[in-house]
Amino acid sequence: MSTLTDAIGYGLVSAILIALSASAFSLQYSVSGVPNFAHGDLLTIGAYGALVAQRMGLNLAAGAAIGGISGGIFGWLMYRVVLRTFVRRGARLVFTVAVTAGIALILENSIGLIFGNSNVNLVVANQVARHIGPFLWTNTQLVILIGGAVLLGALYFILLRTDFGRAIRAISDNPDLARASGVRVERTVQMTWLMCGALAALAGVALAMSEPNFGIYLGSDFLLVTFAAAIIGGIGKVNGAVIGALIIGVVTEVSGSYLSAGFKQVCAITILVIVLLVRPNGLLNIQRAGAEA
Amino acid sequence: MTETGVELAMHARSLVLGYGDSRIIHEVTLRAEPASITAILGPNGSGKSTLMKGLCGLLPPVSGRLELFGKDVTGWETSKLVRNSLGYVPQVKNVFSSLTVRENLDLGAATCRPLCHERMERVFELFPDLHVAQKKTARVLSGGQRNMLALGRALMTEPRLLLVDEPTAGLSPKYAEAVWDHLIRIRESGLGVIVVEQNVEAALENADAVYLLVSGSVAFEGSGSDLASDVNLANSFLGGVDRKTNG
């Protein structure tokens, strides 16, 4: 019994990490139509940003802030400098996939050049495990759970209660009509890439905190579960990304503890295929992608 | 300016529009007055919707000039035009289907904070059905309600000129009549309206000025009654005034 509840507890921690990453990926896709294969590298940038801050003597909270800002800037630059041209031309999906995959390679190799290819680690407080209800969590995992929930809550608030959030949802529903409603589409899309870059980078900091050490492929190794969660929920839906993340996070951790850690990704793909066979547009999507909270 | 010295709401001069190398609209000149309804009619494939896209900034002109209340707005993006007194209601996909009725209206209000509450009340006065359905997702509205919402959303930006693309397409005669009633009330409130319409009879009856578009060029310009009395034109391009074209 404790193996199962422990696995579910770890699964919830994984789920919150995946939910942050998948929400960011999903929103970027829904406003611009770009499936960002360099999304994982935004997580990696966040982790290395926090590492640099720690090496400069700052604490982890300041490190997370610096990591988040770095990811936001890189996310914005990625769209503003490279991808915007392809979006404006109405480039086919295969081109944007190839371009973002290329950006991923460039970023990974650049990080490797700067920091070396050896694994590094973030310094976190001594791990103390404690039972909360049936679950056993370390203090780091609790920080990730609470911090992640706060970030998701803030994202919901932005999407549902602010003009910026309504503009994001309008653009992902119907960009031409958003223009005809006076929404500054280009500016909103750029701000979405900035916000989601920061969100992904914070997910990267949390992911690095939960790992004993990490390297330049920290984020790209996380890409598969991110895609799976976003697609399972119905791409463009933050609700969907959270539901997808819960399913992927819990099932992969439980299966990993009973089978082997190597089966985690196999499970994620299996769930993805099964869901898409039954619901081709994902669990929450009724028609085309439209960002909803 | 009009002949009577009134500033035109919109003046398109020798507008050429197209996609890539193909030209759809050939040197069209159109004048729309404030507080009046200007109808654009024409057979299928005459370029009505392309012209509408050009007038609202979704399609930049190849050549020509576009003026909005005397200001040169040639090449302006739609969102900039909307922030400068233009409202646009597309024919299809004219509401945000994943957003609630109120959120649809709120989006239009983004251009006019902090007066949005007052404007929303005015829209609800004009379309009481929307007030009742304000928490519903637009996806679940009937075709007629969606068209009301589309008009309401456009009015939230407080335009002085409203472009409406085929507002009665696919609607029952009852709803089509209601849409025209609303367009007339909108005109009475002082707004100019340019409408592309497939319901020829209603357009000729209610519009102050009519343009007949054929193969991307203006074949007739004048009043509805003049066009109705030109039997050859009406029969050749509109199938007679007592029948409806297919847009």
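All figures in this text were calculated on a predicted structure; none of them were measured in a lab.

A. Up close: the sheet that holds strand β1 (residues 10-19) of chain B. Residues and elements named next belong to chain B. Pairing within the open sheet is antiparallel, and its four strands lie in the order β2-β1-β4-β5. Looking along the sheet, the strands with just one partner apiece sit at the ends: β2 (22-32) and β5 (71-72). Strand direction decides the pairing type here: strand β4 (residues 63-68) and β5, joined by two bridges, are antiparallel. By the bridge assignment for β5, E67 is matched with D72. Contacting β1, β2 and β4, helix α1 (residues 48-55) runs over the sheet at an angle of about 115 degrees to β1.

B. Up close: empty space enclosed by the protein. All names here are of chain B. As enumerated under the stated definition, the model contains one cavity of 30 Å³ or more in all. Lining the largest cavity, in full, are V89, P90, Q91, N94, N147, A150, L151, V164, D165, E166, P167 and V179. If you list the elements that add at least two residues to the lining of the largest cavity, you get α6 (143-155) and β7 (161-165). A total of three residues in the lining of the largest cavity trace back to one element, the largest contributor, which is α6. Looking at side-chain class alone, the lining of the largest cavity contains seven nonpolar, three polar and two charged residues.

C. Spatial organisation of helix α6 (residues 163-173) of chain A. Within α6(A), nine of the 11 residues are buried, which leaves the element mostly enclosed by the surrounding structure. Inspection of α6(A) places G165(A), R166(A), A167(A), I168(A), R169(A), A170(A), I171(A), S172(A) and D173(A) among the buried residues, and these make up the whole buried set. Residues of α6(A) that are buried in the fold lie against α1 (2-32), α5 (139-161), α7 (175-180) and α8 (185-210) of chain A together with α3 (101-109) of chain B.

D. Structural context of the layout of surface pockets. There is about 890 Å³ of room inside the largest pocket. Lining the largest pocket are 35 residues, with V87(A), R88(A), P175(A), R179(A) and V185(A) sitting closest to its centre. Elements represented by at least two residues in the lining of the largest pocket include exactly α1, α3 (60-89), α4 (93-115), α6, α7 and α8 of chain A together with α2 (78-82) of chain B. A total of five residues in the lining of the largest pocket trace back to one element, the largest contributor, which is α3(A). By residue class, the composition of the lining of the largest pocket is 15 nonpolar, nine polar and 11 charged. Estimates place the volume of the second largest pocket at around 650 Å³. Taken together, 26 residues form the lining of the second largest pocket, with L207(A), E211(A), F222(A), E253(A) and K264(A) sitting closest to its centre. For the lining of the second largest pocket, the secondary structure elements donating two or more residues are α1, α8, α10 (238-258) and α11 (264-278) of chain A.

E. Up close: the packing of α5(A) against α8(A). Residues and elements named next belong to chain A. Close contact between α5 and α8 brings their axes to 10 Å; oriented N to C, the two are set at 170 degrees. With respect to each other, α5 and α8 are oriented roughly antiparallel. Within the contact between the two elements, α5 uses T140, V143, I144, L151, L155 and I158 and α8 uses M195, L199, L202, A206, M209 and S210. Along the lines of polarity and charge, the residues of the contact of α5 with α8 split into 10 nonpolar, two polar and no charged.

F. How the structure looks around the nonpolar core. Residue and element names in this part refer to chain B. Counting residues in each nonpolar core, the largest one holds 114 residues, and the members touching the most others are L51, L55 and I194. Setting aside anything within four residues of it in sequence, one finds L55 in contact with M10, A12, L15, I40, L66, L81, L86, L163 and I194. Membership of the second largest hydrophobic core comes to 46 residues, among which are M156, V164, L171 and F220.

G. Structural context of the sheet that holds strand β3 (residues 37-41) of chain B. Residue and element names in this part refer to chain B. Pairing in this open sheet of six strands is mixed, and the strands run β6-β7-β8-β3-β9-β10 from one edge to the other. The open sheet has two edge strands with one neighbour each: β6 (86-89) and β10 (217-222). For this sheet the average axis-to-axis angle between neighbouring strands, irrespective of direction, equals 15 degrees. Pairing of β6 with β7 involves four bridges; the strand directions are parallel. Within the sheet, the bridge partner assigned to V89 lies in β7 and is V164. Packing of α6 onto the sheet brings it into contact with β6 and β7, and relative to β6 it is tilted by some 165 degrees.

H. Spotlight on the side chain of S46(B). All names here are of chain B. Relative to the helices and strands, S46 resides in the loop between β3 and α1. Owing to a relative accessible area of 2%, S46 belongs among the buried residues under this scheme. Looking at S46, its side chain comes within polar contact range of the main-chain oxygen of P43, at 2.8 Å. Sequence-distant contacts of S46, defined by excluding residues within four places in its chain, comprise I25, L213, V214, S215 and G216.

Scoring rules and cut-offs
- Residues numbered from 1 in each chain as written.
- Chains lettered and ligands numbered in written order.
- Predicted model: local features only at pLDDT ≥ 70, side-chain atom pairs only at ≥ 80, totals over all residues.
- Heavy atoms only, no water.
- Pairing = 2+ DSSP bridges.
- Helix = DSSP H or I, 4+ residues; strand = E, 2+ residues; numbered from the N terminus.
- Contact = heavy atoms within 4.5 Å.
- Axes fitted to C-alpha atoms, helices over the stretch in contact; angles between N-to-C directions.
- 1 Å grid on protein atoms, 1.4 Å probe; cavity = no way out; pocket = protein on both sides within 12 Å on 5 of 7 lines; lining within 4 Å.
- Points joined across faces, edges and corners; volume = space filled by probe spheres on them.
- Nonpolar A, V, L, I, M, F, W, Y, C, P; charged D, E, K, R; others polar.
- Buried < 20%, exposed > 50% of the residue type's maximum accessible area, 1.4 Å probe, protein only.
- Parallel < 35°, antiparallel > 145°, perpendicular 65-115°, else oblique.
- Core = buried A, V, L, I, M, F, W, Y, C linked by side-chain atoms within 4.5 Å.
- Polar contact = N/O pair within 3.5 Å; in protein donor to acceptor, adjacent residues only side chain to side chain.

These results come straight from atomic positions and should not be treated as a statement about function.
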